[in-house]
Amino acid sequence: MWTDDGEPVSVPGLKVRALLADLLLSHGRVVSVDRLIDDLWGQEPPSNPTASLQVRVSQLRKAIGAELVVSRAPGYLVRTDAIDVVAFHELVNTPGDAQARVRLLEEALGLWRGPALADFADEEFARAAVARLEEQRLACAEELAEARLELGMPVDVAELVDAHPLRERLRAVQVKALYRAGRQSEALDAYQDLRDRLADELGLDPSPELAELYQRILRQDPALSATRAAPVSNLPAALVELIGRDEALTEIGALLEGNRLVTLTGSGGVGKTTLALEAARGRPAWLVELAGADARTDLAAHLAASLGLRDDVPLVEALRERSMLIVLDNCEHVIDQAAQLAGRLLRGAPGLSLLATSREPLGVPGEAVWSVPPLDLADAMRLFRARSKVADGQDDGVALLCRRLDGIPLALELAATRVRALGVDGLVDRLDDRFRLLQTGHRGAPPRQQTLTAMIAWSWDLLSDDERVVLRRLAAHADGCTLEAAESVCAEPGLDVLDLLVRLVDRSLVTVVHGPGATRYRLLESVAAFCAERLREAGEESEVRRRHAAYYAELAERADLHGLGQAEWLKRLDSEAANLRAAQRGPYALRLVNALGWYWYLRGRLVEARRALAAALEAEGAEGAEGAGASRAGERAKALAWQSAFAAAQGERKGAAHAVPYEDIADPGERARAEWFHAIATNDLDRAPELLERFRAVGDRWGEGATLILSAMAAHMRADLAELESTATRAAELLRDDPWGSLRAAEWLGALAEMTGDYERAMLANTEALRLAEELGLWPDAADRLCWLGWIATQRGEHEQAFELGQRALDLATEQGFRTTLVFARTVLGYAARRSGRLDLAERHLRLLLEPGAVHNTMILIELGYIAELRGQAATAMELHRQALEEAKAMDAPGDIAGALEGLAGAHALDGSFEEAARLLDEAASMRLTCGMPASPALEEDLARIRDAIYRAQEPS
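Residues numbered from 1 in each chain as written. Predicted model: local features only at pLDDT ≥ 70, side-chain atom pairs only at ≥ 80, totals over all residues. Heavy atoms only, no water.

A.B. asks: How do you make sense of the sheet that holds strand β7 (residues 352-357) when you look at a structure like this?
C.D. replies: Think of a sheet as strands paired side by side through backbone hydrogen bonds, with each pair either parallel or antiparallel. Here we have five strands laid out as an open sheet, ordered β5-β6-β7-β4-β8, and parallel in their pairing. Two strands close off the open sheet at either side, each with one partner strand: β5 (285-289) and β8 (368-371). Across the sheet, the mean angle from the axis of one strand to that of its neighbour is 20°, orientation sign disregarded. In this sheet, β7 lies alongside strand β6 (residues 324-329) in parallel orientation, the contact comprising five bridges. Directly across from L325, in β7, lies its bridge partner S353. (Pairing = 2+ DSSP bridges. Helix = DSSP H or I, 4+ residues; strand = E, 2+ residues; numbered from the N terminus. Axes fitted to C-alpha atoms, helices over the stretch in contact; angles between N-to-C directions.)

This is the structure we're talking about:
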């Protein structure tokens, strides 16, 4: 193994190195202890082989890093992809032309630093792998020699032939190389040597291919001695390395092999010309630059002059016998003439192929169009670093810069020229004024490529007036839009927005994104910034942004988030997140944030919701705000209701924010829903009966079902199993068309199964609910399901699984900011930690949860009492359980009353009051029998411990 600096890692001891080799050969899979012992010691294992193996594992961890050697049943694995054999296979299997293959294969062979597993080549566990690796190495060397020979490069395989004299592929390369070097007799001798060896050692003749090669040498076949000639070309030499386009070159090369006209399209600055020139290298190719042409230019004459042809011979006739590739660069501003010329050439000169660059296709029959994409983030960062020479350690800034510039190579090149003066952070800070920032670049570039403004203006100037109207209005959208949104915001009498949008896509100014939902149309950020300036210049900004806000407010209001369309609408609103945020700055802000309240809740975006609601409420009095009078008061009351409930959901249970004027909400159904949401956010279970009547009065089935969930929660707390079953079942019926509602109803049916000891059913119900919640992206509910699964695991005595599930739930709940779920997750962790003997950790989790008046206090106090008992602190345990008993009785929660009595029994047994302890256990058992809540397997462990203490005290001395 090797360090990041290329230095070898020292692994002391032959057995330790053998262990490492054995693990590496498994390619990240677990190798069992038995197999490792057998591989390392064979028939003579040490007296304690498992201990000896553990010693070697410890030494290996010390040598290469403990985090890389993982213990996982039934053995060990090495967790690393940084092994040469992986890189070797990736390089060997990467496609490319002959020149690219030479580079790849040379790099692959360069990874070999000697024979594979030299120390262990004769060991049984390594023998097959060593043979396989050596064969792959030799095949790579043979392919490299063939590729170099094809390119006319020097080839010397004498040492390989000496080592492997019977390999016919290797001999063929040697024979060809000797012949082409003018050493014909040596080539014939090499063939004769192979023929003799094959006959003497194997009784075989050379292959027909080698025999044919021998005959061609004898007759001195001219084709055999020909080497690849440099193509006739006027292509300019590459001044800098092309970065991030290997796959693109491979795809374009394949298109050129199968098509006579290939057009590279894409936005300005994306690198069409550079890519076309690189794809043309190595071919007989001629560049014809069309940037200086215009509608009056005779393109046929321009091409003839570029090729140096006589002007008294028709162009097609002059090229009829030619076999070459012509690169037509920058066709977009003379697109019709370029298309006509291409058609004539393809019909009249069958040996010609054309590679065109344009911001829209030529539209010629047989044309293969390849849209040049921007660079992905990794390649954009590589390009920027290479051009700017920026120092390491600024990855975040460079990544942000590359994203903001959309991975457009020209924009990155221009930005790189400013690094010395401004630094990366300075560039990022000034990107909002990008056209002034990037106004100078490389002086040798064409004028349209010297500034970012010129690059985009070149395309803008080629548009019709109607195309410019639609393009500048599209800039009002953030991160793209649907066709419906474009038609709403860009509309004007006489404008066919769809047709114009298609034309803008063809001209590479609008990008089409085919997502899981509707097709979206997006402007690159630089194009959007340019068009936003044109929008202001046209005096349309205010009206277009008003249309934008109105459209997205109406979209949010018609989103069906309570029925069968919930999943699709969630995805649609997700895709419009940037537009929805932008629209909140408009006159429809209150309507919009109120429409988005339930969406934010389902997605767990409480912080975003509170911030947006506060901003909308602050701005609602501004001039131009939509609505007036009673409707304004109603919208404000709704926003205050959402704000209050979200604050409560994050644990802020006091303050003026909760004084909501619900009476201002005119619609009784909407008013009831606002109050219901506040009740569920605060666990205000007492509101359920009143809300249920109000929803039934207005015929709101969803509201009725949602309120029954509150009723089920209350029944669960009271351990009223019949009420819990009836309310949860009815809620499931009413909410069956709402995925969220179905999940919540199923939650309490699962809770019923858990209370009655049917843990298998409870686990299955919550596992399926977790799958559905994750599938829908309902992360608050996913966190709740993880809590329930963890809780059920604690009751079954599966403490490690419970701890893992509780930690996952805690991480997700912390991310979502839901106070109720955080409490549940920490409860699971506290219970799992205590019951697995980690008392200090359990207490840390549980102490965080105690708060005056909280419904969960009894559970926490009981568990803290058990911790005190296990530490031998009888008085403390007794006080905690008595406090739990008082609170449980105040809430009329029989399950918690029984739990507190059982805890008190343990405290009394510890204190020596065994008769009282026995009495308390009997009382608790009677209560559990009455309410139908049997002790869980985990609780039975505690009860068994208490009973044992009582029985031991009653035994005679």
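A.B. asks: How should the sheet that holds strand β2 (residues 69-72) be read in this particular structure?
C.D. replies: A sheet is described by the order of its strands in space; here three strands give the open sequence β1-β3-β2, paired in antiparallel fashion. Looking at the sheet topology across the chains shown, the edges are occupied by β1 (31-32) and β2. With two bridges joining them, β1 and strand β3 (residues 75-78) adopt antiparallel strand pairing. From the neighbouring strand, V31 faces β3, where its bridge partner is Y76. Set on the sheet, helix α1 (residues 14-24) makes contact with β1 and β3; between it and β3 the angle comes to about 80°. (Contact = heavy atoms within 4.5 Å.)

A.B. asks: Sorry if this is basic, but what is going on with the nonpolar core here?
C.D. replies: As a rule of thumb, nonpolar side chains are buried together in soluble globular proteins. Membership of the largest hydrophobic core comes to 220 residues, with the highest contact counts inside it found for F384, W598 and W676. Ranked by the residues each element gives to this core, the list is headed by helix α30 (residues 589-603), at 11 residues. Dropping the residues within four chain positions of it, W676 is found in contact with W598, L691, F695, W702, A706, T707, L710 and W740. Within the second largest apolar cluster, 32 residues are counted, among which are L303, L315, C331 and L362. (Core = buried A, V, L, I, M, F, W, Y, C linked by side-chain atoms within 4.5 Å. Buried < 20%, exposed > 50% of the residue type's maximum accessible area, 1.4 Å probe, protein only.)

A.B. asks: In this structure, what is going on with the packing of helix α34 (residues 688-698) against helix α35 (residues 701-718)? I would like to understand it.
C.D. replies: For the pair α34 and α35, interaxial distance at closest approach is 9 Å and the crossing angle is 165°. With respect to α35, the axis of α34 lies roughly antiparallel. The element α34 and its partner α35 pack so that their crossing is left-handed. Contacts between α34 and α35 pair A688, L691, L692, F695 and R696 from the former with G703, E704, T707, L708, L710 and S711 from the latter. Of the residues that constitute the contact of α34 with α35, the class distribution is six nonpolar, three polar and two charged. (Parallel < 35°, antiparallel > 145°, perpendicular 65-115°, else oblique. Left-handed = near helix turned anticlockwise from the far one by under 90°. Nonpolar A, V, L, I, M, F, W, Y, C, P; charged D, E, K, R; others polar.)

A.B. asks: Help me understand the packing of aromatic side chains, please; the structure alone is not making it clear to me.
C.D. replies: Centre distance and the angle of the planes are the two values used to describe a pair of aromatic rings. Tallied over the entire structure, the rule returns 19 aromatic pairs. Ring centres 6.0 Å apart and planes at 80° place the aromatic pair W598 and F677 in the edge-to-face group. Of this pair, W598 sits in helix α30 while F677 sits in helix α33 (residues 668-682); the two residues are 79 residues apart in sequence, bridging distant segments of the chain. Residue class for W598 comes out buried when judged on its relative accessible area of 6%. Both rings, one in W676 and one in W740, keep their centres 6.1 Å apart while their planes meet at 85°; by these two values the pair is edge-to-face. Taken together, the positions of W676 in helix α33 and W740 in helix α37 (residues 739-755) put the pair 64 residues apart, joining distant regions of the chain. Assigned by exposure class, W676 and W740 land together as buried. Each member of the aromatic cluster is reached from another via a ring pair, and the members are W598, Y601, W642, F646, W676, F677, W702 and W740. (Phe/Tyr/Trp six-rings, centres within 6.5 Å; stacked < 30°, edge-to-face > 60°.)

A.B. asks: Help me understand empty space enclosed by the protein in this model?
C.D. replies: If you roll a probe as big as a water molecule over the atoms, it shows you where there is empty space left. Enumeration according to the criterion identifies two cavities of 30 Å³ or more in this entry. Approximately 90 Å³ is the volume found for the largest cavity. In this structure, the largest cavity is lined by 13 residues; those nearest its centre are S267, G268, M455, I456 and V527. Those elements that provide at least two residues to the lining of the largest cavity are α22 (452-460) and α26 (525-537). Considering every element that reaches the lining of the largest cavity, the biggest residue donor is α22, with four residues. A breakdown of the residues in the lining of the largest cavity according to their chemical character gives eight nonpolar, four polar and one charged. The volume enclosed by the second largest cavity comes to roughly 50 Å³. As for the second largest cavity, its lining consists of L573, A577, L580, R581, Q584, L596, Y599, W600, R605 and E608. Elements with a contribution of two residues or more to the lining of the second largest cavity: α29 (577-583) and α30. Taken together, the residues that form the lining of the second largest cavity break down as six nonpolar, one polar and three charged. (1 Å grid on protein atoms, 1.4 Å probe; cavity = no way out; pocket = protein on both sides within 12 Å on 5 of 7 lines; lining within 4 Å. Points joined across faces, edges and corners; volume = space filled by probe spheres on them.)

A.B. asks: Would you take a moment to explain unusual backbone geometry for this structure?
C.D. replies: Note: most residues except glycine have negative phi, and most peptide bonds are trans. Backbone geometry at D406 places phi at a positive 60°, although glycine is not the residue there. Structurally, the position occupied by D406 is in the loop between α18 (395-404) and α19 (409-416). Residue class for D406 comes out buried when judged on its relative accessible area of 11%. A positive phi is found at D479, a non-glycine position, where the angle reads about 60°.

A.B. asks: Got a minute to help me understand α35 in this structure?
C.D. replies: Taking 1.5 Å of rise per residue, 18 residues should cover 26 Å, and α35 covers 26 Å from first to last C-alpha, within 8% of that figure. Most of α35 sits inside the fold, with 14 of its 18 residues counted as buried. Where α35 begins, the capping side chain belongs to D700, and its oxygen is found 3.2 Å from the backbone nitrogen of W702. Among the residues trailing α35, A719 stands out with phi positive, at a value near 60°. (Expected span 1.5 Å × (residues − 1). Polar contact = N/O pair within 3.5 Å; in protein donor to acceptor, adjacent residues only side chain to side chain.)

Structural measurements only, silent on function.
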